Amino acid sequence: GRPEKASNPLEGGDIMRWRLMRGTGRLLLIVCCLAGPASAVAQPVPGPIPDASLRAADRALAHGRPEEAAAIAQSLPPDDPAAAVIRARLALRTGKPDEAERLLAPVAEQWPAGEAALELGLLEIARGRRQAGVTRLMAVFEAGVRGEPDEVVRAARAARALGDFRQANALYRRASALVKDPAVDTGWGALFLEKYNRSDAARSFREALATDPDWAPARIGLARAVAESEPKASEEELARALKIDPDLVEAHLFVAEREIDEARQDEARTAIDRVLSVDPSNLTARALIAAIANLDGRASDFDAEVARVLAINPRYGEIYRVAGDHAARHYRFEEAAALARKAVTLDPDNSRAHADLGMHLMRLGDEEAARAALERSFRADPYDVITYNLLSLLDTLDSFVTVETENLRLRFHPDEAPVLREYAVPLVERALAALSKSYGFTPQGPILIEVFPRHDDFAVRNAGLPGMIGALGACFGRVITMDSPRAQAPGTFNWQATLWHEVAHVITLQLSNQRVPRWLTEGISVYEEGRARPEWGRDLEVVFARALDKGEVLKLRDLNAGFTRADTIALAYFESSLLVAHIVKVHGDEALVRLLRAYGEGLDEQAALTKALGTTIDALQTSFSRALDERFAALAKALREPEGFAATADVEAMRAAAAQNPDSYPVQLALGRALIAASDAAAAIAPLERAAALVPVATGPESARFLLAEAAEAAGDRARAITELETLLAHDHTSVDAPRKLMTLAEAAGDERRLTLASERVAMIDPFDAAPHRTLGRQALDRKDLEGALREFRAALAAGPVDRAGAHCDLGEGLFLAGKADDAKREALLALEIAPTFERAQELLLKIVEVRR
C-alpha cells in the first residue's frame, strides 16, 4: 500500500483535501481552498518588478489586441527588459519559440529571478530541456516566495510548472490578497482546473471577470470549468471569449477537443487549423491532429505527426498521452493503454500519463497493473485527486467478495453478496446466452462485473471523480461497473434492467472492435432491455412524446452529441433505442450485426450506413421522422395542456375544463385528482379512466393508473384496484410502491398469481426487502420447487428480515424437504435461540428427530 504520508498528502495545507473513512470504506472527496502562507525556501533575489508598460501589454494580449501590445513594446527603449518580455510573448503567441528564446535569454541572465527568466524556464521545459527549465524556475520560485506581489505571482507560476501544487496554491492565495489582478485569479483558476477542482476554478475565473469582464483567458477558463455542469453557460462563455479575441488559441483548442469527443472530425480539424494559423508550433494542437489520425486509422499520418512534434520536443510524451486519452473516450481502451505506455516510456516523469495508463488498465480489468501505474503517478504527484481516488477505490475493492464462473468474475460488497449473487449471476448468464445467439457473437472474457453500494464509488471507478449524476452503469468491453440497488433510493431504478443493458454493451463493443458510435451502442442496449422484458423499455415514452411535440427531438447528425449534454442525455438514450427499433423494422434483425461489423472495419458513419443498410443518414432521417410522427402523434396530442389551463383543487372548475377538453390527459387527470382530494373517490374513477385511455403508458405515483387504483380502493372496489396496479406494472418497471401495494391487496384477496407478480417485482427492484423473498419462497415450496425456495429463503435471511426467527424457520423447512436434515436442524435451533417458544420451529425440530429415529 501507499505510505501513510502519501495517503494524507495535505499536512500544512493544500489545494485538495481528502478524507478516507477506512472503517466503512466510504470515500469522501472535499475540494477546497486552504489557508496558510507558504514558507520561503531562500531569500529573494533582486529582479526587475514589471512596470505599468508590461501590465498594459498583458492586458492588451488578454483583450485580444496584440497590435496594441506590440506598440507598447515599440515605445520602450530597446534595452528595456519589459520590452523584451512583451516581444517574446508576442513571438510565442505566433509560434516563434526561437525568436522568443533569443529575446529572453540575455534578460534572464541579467535578472535570473525576473519575468524573462520565468518565461524562459517555461519555454525550456516546453521544448524538452527539462533540467535547464527546472533549474531556472527554481531560482524564480525561491526568490519570489516572500517578495512583492509580482514576484509572488511569478513564484506561483513557477511552482505550478515544477509540480509543487501546494506551494502554487498558497502563493496564488497570497498574491490574490495583496493585489486585485485578473491575471492572478485566472492563473489560480487554471491551477484548480488542472487539479479537477472545477467549482473553485469557476469561482476564481468569475472573480477575474468581475475585475475585468474582457479578460479572455478567464472567459475560456470559465467555459472549461462549467462545461459539464452548465453546458449552455459554457457555450456562452466560449462565444464571449472568441468575440473578445478571435485568435484565442485556448478557445479553439477547447472547441477541437469537444468536436473530437462528438466524432465530428472535420469540425475539429477546422478549429485546430485556426490554432495553427496563429501558432504553427502549438504542440497541443499537433497532439490533437495525431489523436484524430489515430481514431481514423491513418497510421502513417499519426507517425508523421509524432515525428514532427518530437523534432520540436523530443520528450513530449503528451503526443501519445493525448492520443490515448481520445482513444479511451471512444471506447478503444487497448489502444489507449498502448499509447499511454509509449507516453511514459518517452517521458517517465509525466505523472498524468502514468495516471492515464492506470485508468485505461482499470477499464481493461487489469487492476493489479493499474495499481502499479497509479502508484507511480501518485509518488510523482500526490495532489492529483483522480489518482488518489482510484487508488483508494482499489483499496475498497480489496474487501469485495468475488464470485467466479467459467467466463465471469462478479464482485460485490460483502454486505450485499449473499443476496445479489443469487440473482446477478443467473441474470448475466441468461443475458449473455440470449444476446450472443441474437448477434451470432460470443464475447471474449472473462467479463469483470463490479457492483457498488455507494454511487460515488461507482463514479470514481469509472471516471476518477465522484458525481456522474444520473448514470447507473458503465461498460468498457470486458468490464461492467454499476450501482447496486442500495446505491439509489428504492423505486428510482431497476438494477436488473441496468445489468442487462450493460451486458448488451459487451456484445456491441466487442463485435464492433470498440468502434461503435455511442448512439448505436446505447440504442441497442435500451432496445434489448425492451426485448428482454417489455416494461423495461417504456419508461420515457411520455417524455419523448412531449419533446417531439415541442420540436426538441435531436436530429440524427446531432444524436451522438446529445449524450454529452446533461439536458439532452436522457432524450438521446430513448431516441437512439427508437432509431434502432426503426432500423430493425425496415432492414431486419441482421441489419444491426451488419452495421456493427461495418463500424468495426473502421468505416465512418456514412460509409457504414451505406454498406450495412444501403441508405444515407439523410434518407434514414426522413424515414425515421415519419415513423416517429406515426407512433407518437396521438400521444403527443393527448399530453398537450390547453392554453391557459391551470390545475386546481376546485372540483367544479376542473369539471368544466374536463367537459371542454375531453381528449386532454392533463385536464382529465386534474379532475380525477381534485375529486380524490375532495374525498369523492367514486366520481374520480370516470375521468381517471379517460386519462388512462388517452395515455396508457404513463407511469409513476402521479399516473392515471396509480390514481385509479387509489380511487378504486377508497371506493371499496379492491378487485378493480388490483387490476389497475397490474396494468400499471406492464409499463412501470422502476416503481416499488405500486407492486408493494399490489402485494398487500393480492395477499388479502388470496390472489396467488398477482401476489407472485407483485412479489417478483419488489424483489427485482429492492432485493434487500425480505418480505417478497419469503412470499416467493413459500410459493416455491408449494410448487415443490425446492431450489427456488431455498434461494428465496436464503435471500430473505441475508436481507435482514424483521422476523428473523420466521426466516430461519422458512429456510429450515425448505432444507428439510430437500433432505438436508442437519442444515435444517441448525436453522430450527437458530430460530429457537431468537424465539424459544416459537411453535413452528419446535415442530420442525420434532420432525427432524422423528426422521432420524
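Residues numbered from 1 in each chain as written. Predicted model: local features only at pLDDT ≥ 70, side-chain atom pairs only at ≥ 80, totals over all residues. Heavy atoms only, no water.

A word on the overall build of the chain
- Across its full length, the chain holds 44 helices and seven strands.
- For a compact globule of 853 residues, the expected C-alpha radius of gyration is about 29 Å, and the chain comes in at 32 Å, within 12% of that figure.
- A principal-axis box enclosing the C-alpha atoms of the chain has dimensions of 105 × 75 × 55 Å.
- Expressed as a percentage of its 853 residues, the buried residues of the chain come to 55%.
- Long-range pairs, those at least 24 residues apart, make up 59% of the contacts in the chain with a sequence separation of at least 6.
- On the chain, roughly 35300 Å² of surface is accessible, and the fraction owed to carbon and sulfur atoms is 51%.
- Within the chain, the 128 negative side-chain charges are centred at a point lying 1 Å from the centre of the 105 positive side-chain charges. (Helix = DSSP H or I, 4+ residues; strand = E, 2+ residues; numbered from the N terminus. Rg over C-alpha atoms; globule rule 2.2 N^0.38 Å. Buried < 20%, exposed > 50% of the residue type's maximum accessible area, 1.4 Å probe, protein only. Contact = heavy atoms within 4.5 Å. Areas by Shrake-Rupley, 256 points an atom, 1.4 Å probe, with all protein chains shown as cover. Lys, Arg positive; Asp, Glu negative; His and termini not counted. Charge placed at Lys NZ, Arg CZ, Asp CG, Glu CD.)

Overview of the pattern of salt bridges
- A full pass over the atoms with the stated rule returns 85 salt bridges.
- Here Glu305 and Arg286 are joined by a salt bridge, their closest N and O atoms 3.0 Å apart. In this pair, Glu305 sits in helix H17 (residues 299-312) while Arg286 sits in helix H16 (residues 283-295), placing the two residues 19 residues apart along the sequence.
- Residue Glu305 is classed as buried on the basis of its relative accessible area, which comes to 5%.
- Put simply, Arg461 and Glu450 hold a salt bridge, and the shortest N to O gap is 2.7 Å. (Salt bridge = Lys/Arg side-chain N within 4 Å of Asp/Glu carboxyl O.)

Points about the nonpolar core
- Of all hydrophobic cores here, the largest spans 140 residues; its most connected members are Leu499, Leu520, Leu595 and Val695.
- Looking at which element gives the most residues to this core, the answer is helix H23 (residues 417-439), with twelve residues.
- Sequence-distant contacts of Leu595, defined by excluding residues within four places in its chain, comprise Trp519, Leu520, Ile583, Ala608, Leu609, Ala612 and Leu613.
- In this structure, Val85, Leu118, Leu137 and Phe141 belong to the second largest nonpolar core, which totals 60 residues. (Core = buried A, V, L, I, M, F, W, Y, C linked by side-chain atoms within 4.5 Å.)

Considerations on helix H31 (residues 605-613)
- Of the residues making up H31, those classed as buried are Ala608, Leu609, Ala612 and Leu613. The buried residues of H31 occupy an angular sector of 100° when the element is viewed end-on, so they sit on one face.
- Each element contacted by the buried residues of H31 is listed here: helix H29 (569-587), helix H30 (590-600) and helix H32 (617-639).
- Looking one or two residues past H31, Gly614 carries a phi angle of roughly 65°, positive in sign. (Arc of directions from axis to C-beta.)

Some remarks on helix H39 (residues 752-765)
- Its 14 residues place the ends of H39 20 Å apart at the C-alpha level, agreeing with the 20 Å of an ideal helix rising 1.5 Å per residue.
- Most of H39 sits out of view: ten of its 14 residues are buried.
- Taken together, the buried positions of H39 are occupied by Arg754, Leu755, Thr756, Ala758, Ser759, Arg761, Val762, Ala763, Met764 and Ile765.
- Looking at the buried residues of H39, the elements they touch are helix H25 (495-511), helix H37 (718-729), helix H38 (737-749) and helix H40 (770-782). (Expected span 1.5 Å × (residues − 1).)

A short note on the pairing of strand S4 (residues 408-412)
- Within S4, four of the five residues are buried, leaving the element largely enclosed by the surrounding structure.
- For strand S3 (residues 401-404) and S4, the ladder comprises four bridges, and the chain directions are antiparallel. Across the sheet, the residue bridging to Thr402 is Arg411, located in S4.
- Connecting S3 to the antiparallel partner S4 that follows it, the hairpin turn spans three residues.
- Strand direction decides the pairing type here: S4 and strand S5 (residues 447-452), joined by five bridges, are parallel. When the bridges of S5 are listed, Phe412 appears paired with Val451.
- One crossover worth recording links S4 to the parallel S5 by way of H23, and it is left-handed. (Pairing = 2+ DSSP bridges. Right-handed = clockwise from strand over helix to strand, strands pointing away.)

Concerning the side chain of Glu827
- Inspection of the secondary structure puts Glu827 in helix H43 (residues 821-834).
- The exposure class assigned to Glu827 is buried, which follows from its relative accessible area of 5%.

Quick notes on the packing of aromatic side chains
- A complete count under the given rule lists nine aromatic pairs for this structure.
- The interplanar angle of 80° and the centroid separation of 5.4 Å between the aromatic rings of Phe333 and Phe476 together place this pair among those described as edge-to-face. Note that Phe333 is positioned in helix H19 (residues 333-346) and Phe476 in the loop between strand S6 (473-475) and strand S7 (479-483), a separation of 143 residues in sequence.
- Under the relative-accessibility criterion, Phe333 is labelled buried at 3%.
- Judged by relative accessible area, which is 9%, Phe476 ranks as buried.
- Linked through ring pairs, Phe544, Phe574 and Phe632 together constitute an aromatic cluster.
- For the cation-ring pair, Lys195 lies above Phe165, with the distance from its terminal atom to the ring centre recorded as 3.9 Å.
- Above the face of the Phe768 ring, Arg486 is positioned so that its terminal group lies 3.9 Å from the ring centre. (Phe/Tyr/Trp six-rings, centres within 6.5 Å; stacked < 30°, edge-to-face > 60°. Lys NZ or Arg CZ within 6 Å of the ring centre and 35° of its normal.)

Some thoughts on unusual backbone geometry
- The amide bond that connects Gly445 to the next residue, Pro446, takes the cis arrangement and shows omega of 0°.
- Note that Pro446 resides in the loop between H23 and S5.
- Here Ala263, not a glycine, exhibits a phi torsion of approximately 60°, which is positive.
- Looking at the secondary structure, you find Ala263 in the loop between helix H14 (249-261) and helix H15 (265-278).

Focus: the sheet that holds S5
- Read from one edge to the other, the open sheet built from five strands follows the order S3-S4-S5-S7-S6, with strand pairing classed as mixed. Where the open sheet ends on each side, the last strands, each with one partner, are S3 and S6. Mean inter-strand twist for the sheet, computed between neighbouring axes without regard to direction, equals 15°.
- Bridge count between S5 and S7: five bridges; the pairing is parallel. Considered in S7, the bridge of Leu448 is made with Val479.
- Those strands touched by helix H24 (residues 455-463) are S5, S6 and S7, and its axis lies near 155° from that of S7. (Axes fitted to C-alpha atoms, helices over the stretch in contact; angles between N-to-C directions.)

In short, geometric facts, not functional conclusions.
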